[in-house]
Amino acid sequence: MLAIDTLLNGHYRITVVLDAYPDAELYRAIDQRSSLRVLITALPQPDQTAVNDVLRLARELAQVQMPGFLALRDYFAIEHVCYLVADDPGGSDLERFARERGSPLSEQETLAIVDRLLAVLERLHRHQPPLLLGDVRTCDLWSSPEGGLSLAPFACARHIGAEATPYRAPELYDHAVEPAPVSDIYAMGAVLYHLLTGWPPPPANQRQAGMPLNAPRVLNPQVSVLAEQLTLRALELKPANRYQQVSEMRSALETVRLMAGRPMGATPPIERPVTPVTPAPSPTASATTVPPPAPTTAVPPPALAAPLPPTPPPIAAPTAPVAAAPSRPFLSTSCLLAIVGGLAVIAFGVCVLVAVLVGLYMTNSSVFGWIGSTAAMSPTASALPTPSAAVTTALRQQVEAITQTAQLREDGLGAATYSPDGQLIAVAVGKVVQLRDAETLALQQSLNGHSGDVSALVFSPDGTILASGAQDDPVVRVWNVRNGREVLQLQGHEDWIRSLAFSPDGRLLASGSADRTIRIWDVARGETLVVLRGHTDLLGNVAFSPDGRRLASASRDGTVRLWDVASGQQIDTFRFTAPVDTQSNAPFWMTGIAFSPDGRQIAAGSINGNVYLLDAETGNVQRELRGHDGWVVIRGVAYSPDGRLLASASLDGSVRLWNPVNGVERDVLRQRGLRLLGLSWSPDGSRILSSSDMGGNLAIWDVASAQIVQSFQITQGVVTGVHYSPDGKLLVASGANGAVRVHVLESGRTLNLDGGAATNDYIECISNNEVVAISEAGEIVVIDLTNRRPNEMLDGMNGFPLNLAVSPDHSLIAVGNERGEIYLWETASRTYLRRLDGLSGPVYTLAFSADNAYLAAATNQPADAPQIAVWDLARGGNPQILRGHNGPIAKLVFSGTLLFSASSDGSLRVRDVAHDNTEVLQMSLPADRGWMTSVAITPNGKVLVAGTISGHLGFYNISNGELLREIDLASGAVLDLAITPDGRQLAVSTRDEGILLFDLSSVR
């Protein structure tokens, strides 16, 4: 695997490792010749003939240029690894794209996305020779700032994998069968199913074994009958029963789109499922995908002492299968085609009308009040004064003086392990090792010194010292646990440290490195005793035998090796090589490893999800433990102290407990939403500690009950919201995982709150030391940050709260729910005031006008026709409903009586709510900027600050919409903006670089 910042082929700088499979790796990179972002896949090949075949196929793929297909820009081979370079659209892969939406996509949006993909597929199939996808994975489909999904060319160049995926046609599990157009149609049917329901279908091999396929309308009652039948037809197990050509499926899809979801009178649309059904997870389904909570009525519980209610224990999702839908479609293809013919005349008339309108637009765009792709606002009414040239020049100079002053960034969570006495937990957090109290998880010490993210941790048997290794750092550091001081640096490796292990007597330390060697050190003298050479690929974990005489090691070369510690020689009587991955024609990588306490057995994990129980003398396989759906991780295999249980941790988000004697699975510890990095047994064997980088937390499991007894958020992850306190001294940052960091800006101190609902806006300041938040359980909680008063619950709301807003003078709190209702409270007295109705879908965002006279709320249901409701709070009555955007609304903000709405359709609209909501300004961003994700206005009303999905920060003259300055943050998408009430500081939340702070004093 390529390390971050590797310069590939002289000009591609690797920036992110996106995915790693046995047969392929995927990276994000920067082409330093053009500063463009690209996607690069690495495809290892068995010989030069295979390399030539891939490069020949790449030449054909490079000829395909069309919307919806990520152009292949470059291809080359280094040794026997082929590299393909394609455009990077800047978004997420299919899995994250579907998950980030929070709910299934609307039917019309889904059909539009799949239709574009089918157009690409049709073009690939027409190519001579035909180009076929074969084995599609989630990383082959990518979203972009403009919306939709695009197909990467990589699937066309890969072989069929050994691991099951939801998108592979059933016939392709027979490796003697070659991909065909009909197998690609199955893949598109699986994508259609995933987007419509929010869940990928079960892999075809599981369906053939008896697992039923839930009908789409069971999982999402908003799916129409025709769309369901279209999907099920494409997912037929027998190839002859599917659409045979892409053109045939596209015709059927167009019929469904023209019918706009109507059931044609045959079957009424399902309003609600009688019993919610959770599909069984597929082997490749992300552990982070969770079904949305069912709407509930919030019942105010007693006041809490903790800042936010703790995360409730996980509830196992029902796994009972549901009867499959009829295998044949409601309408045959011939019927669907007939309908298309019947609607052709109507479609022709619509096309003529559209042509006329387009002609009008091209001749006089002012008819629509639109400004094309320019990055400036165009007035559509005479509500704003035209600034003088001198005023504009002065404002431009003020904006040019804006500078970045600070960056607030959290490190990632890594390995975690118990100390031998069970009193401490060592946790890797970025480049730092934290020592925490094992009971309270309170931070005791921080160990600083590594130059890269900490990758390996191990306590000595007596618990007095701790050894650590890190990425991009070939030095093993040894620490005194009592005082936190570094006592030793072990130097000798040529690459970073992947694994560490102490001998039972604590005298020796073994370190496995990316340089493919293992070094055994005399800890007291700080010297290398012996270097173990023999592995031909990266090391997994290493483990000493209970008597300390032997060392076992696992590696990506697919072997487990046993070494004599004294001589440094490999023990030839022990042999184990993993089964061969038929796709790569090489053994599966081996990862975690552990000796049983009696020394008779070795457990070794693999990326195929299996754990192998080996005879410690010969390497013969005693048992093969199957159950994980993802890689068993490097620190993911460990025996209980008494040897009665074996635990294994996986990227599938589970810890599995096995009987190591008979191989029977005893229990599964699973918490949805976690990708586990490793596990550690408590010394008494009653608990297991696991860490997750995706969840950013530590979980402590009670082994007897298989329940989480403690969960502690260590890192926040991506920050999705930022808010300042009224005095500007506090910055409240809300994370996508429900964790909140309150930054005390003057001192740099941080307060931590956990258990938020993780919706769009779930926390905001109501005073200089109080916040109001939506908890994970659906309560609305007022929290005193000084802990002088207990938490208070706001009573009176029905439904599940989604988003909240506090009025500019902090006198009112508004909360919107999934029903489109808005509830108001008086801040000072916590008194419930009233409910506002009139919005037709779930509340996505809220905004008060500066004088509290108006409240605006937006819903993005349906996504292509969102609505904004504006209430006159003094007059009461029904709201004014505003339309116009044709994509989801990202943000609402007021400046005086002007309401600004930013949408993913690329536009910003400004309406004067005091004058019949007249639209006074309109703006459209250039295509390469995508759309505005957040907007904020300086308190003096002069400058509009906008962040974009492309990672740019724009400053606009609010009077005429002129772009005064643009900054490329190079930080991924901008997620939120906030300006202090005095206008001195701007906080910008970014996807990749944390929170950036800017000094705005020059424009006050």
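Residues numbered from 1 in each chain as written. Predicted model: local features only at pLDDT ≥ 70, side-chain atom pairs only at ≥ 80, totals over all residues. Heavy atoms only, no water.

Caption draft 1: Spatial organisation of the sheet that holds strand S48 (residues 792–793). Spatially, the four strands line up as an open sheet ordered S45-S46-S47-S48, and their pairing is antiparallel. Both outer strands of the open sheet, strand S45 (763–765) and S48, are each paired with one neighbouring strand and no more. Pairing of S45 with strand S46 (residues 770–774), which is carried by three bridges, proceeds in the antiparallel orientation. Within the sheet, the bridge partner assigned to Cys765 lies in S46 and is Val771. (Pairing = 2+ DSSP bridges. Helix = DSSP H or I, 4+ residues; strand = E, 2+ residues; numbered from the N terminus.)

Caption draft 2: Layout of the packing of aromatic side chains. According to the stated counting rule, one finds seven aromatic pairs in the structure shown. Note on Phe576 and Tyr612: the rings are 5.4 Å apart at their centroids and 50° apart in plane angle, and the pair reads as tilted. Taken as a pair, Phe576 in strand S26 (residues 576–577) and Tyr612 in strand S31 (residues 611–615) lie far apart in primary sequence, 36 residues in all. Accessibility expressed as a relative area gives 8% for Phe576, which makes it buried. By relative accessible area, which is 2% here, Tyr612 ends up buried. (Phe/Tyr/Trp six-rings, centres within 6.5 Å; stacked < 30°, edge-to-face > 60°. Buried < 20%, exposed > 50% of the residue type's maximum accessible area, 1.4 Å probe, protein only.)

Caption draft 3: View of the sheet that holds strand S54 (residues 854–859). Spatially, four strands are ordered S53-S54-S55-S56 in an open sheet, and the strand pairing comes out antiparallel. Pairing within the sheet leaves two strands with one partner each, and these edge strands are strand S53 (845–848) and strand S56 (880–882). Adjacent strand axes in the sheet meet at a mean angle of 20°, parallel and antiparallel pairs treated alike. The pairing of S54 with strand S55 (residues 867–872) spans six bridges and is classified as antiparallel. When the bridges of S55 are listed, Ala857 appears paired with Ala869. (Axes fitted to C-alpha atoms, helices over the stretch in contact; angles between N-to-C directions.)

Caption draft 4: Representation of the environment of Leu953 within the structure. Mapped onto the elements of the fold, Leu953 is located in strand S63 (residues 952–957). Taking C-alpha positions, Leu953 is 9.4 Å from Met932, a pair spaced 21 residues apart along the chain. Other than its neighbours up to four places away in sequence, Leu953 contacts Val945, Ala946, Gly947, Arg965, Glu966, Ile967, Leu969, Leu977, Leu986, Val988 and Phe998. (Contact = heavy atoms within 4.5 Å.)

Caption draft 5: How the structure looks around a nonpolar patch on the surface. A surface patch of nonpolar side chains, about 230 Å² in accessible area, is lined by Met1, Ile4 and Val17. Tracing the backbone through its elements, the reader meets Val17 in strand S2 (residues 12–21). (Patch = residues over 30% accessible without salt bridge, like charges linked within 9 Å, V, L, I, M, F, W, Y side chains within 5 Å. Areas by Shrake-Rupley, 256 points an atom, 1.4 Å probe, with all protein chains shown as cover. Salt bridge = Lys/Arg side-chain N within 4 Å of Asp/Glu carboxyl O.)

Caption draft 6: Up close: the pattern of salt bridges. All told, the structure shown has 40 salt bridges when counted by the stated rule. With its nearest N and O atoms 4.0 Å apart, the salt bridge here joins Arg233 to Glu248. In this pair, Arg233 sits in helix H8 (residues 225–234) while Glu248 sits in helix H9 (residues 246–258), placing the two residues 15 residues apart along the sequence. Accessibility assignment for this pair places Arg233 and Glu248 in one class, buried. As a salt-bridge pair, Arg656 and Glu665 come within 2.8 Å of each other at their nearest N and O atoms. Salt bridges sharing partners connect three or more residues here, namely Asp23, Asp135, Arg137 and Arg168.

Caption draft 7: Quick peek at the pairing of strand S50 (residues 812–817). Counting buried residues along S50, six of its six residues qualify, which places the element largely inside the surrounding structure. Side-chain alternation along S50 places Leu812, Ala814 and Gly816 on one buried face and Ile813, Val815 and Asn817 on a second face that is also buried. Bridging between strand S49 (residues 801–806) and S50 involves five bridges; their strand directions are antiparallel. Its bridge partner being in S50, Ala805 is matched across the sheet by Ala814. Turn length for the S49-S50 hairpin, with the two strands adjacent in sequence and antiparallel, is five residues, and the turn residue His810 shows positive phi of about 65°. Bridging between S50 and strand S51 (residues 822–826) involves five bridges; their strand directions are antiparallel. In the sheet register, Leu812 faces S51, and the bridge partner there is Glu826. Taking the residues that link successive antiparallel strands as the turn, the S50-S51 hairpin has four residues, and the phi of Gly820 there is positive, at about 85°.

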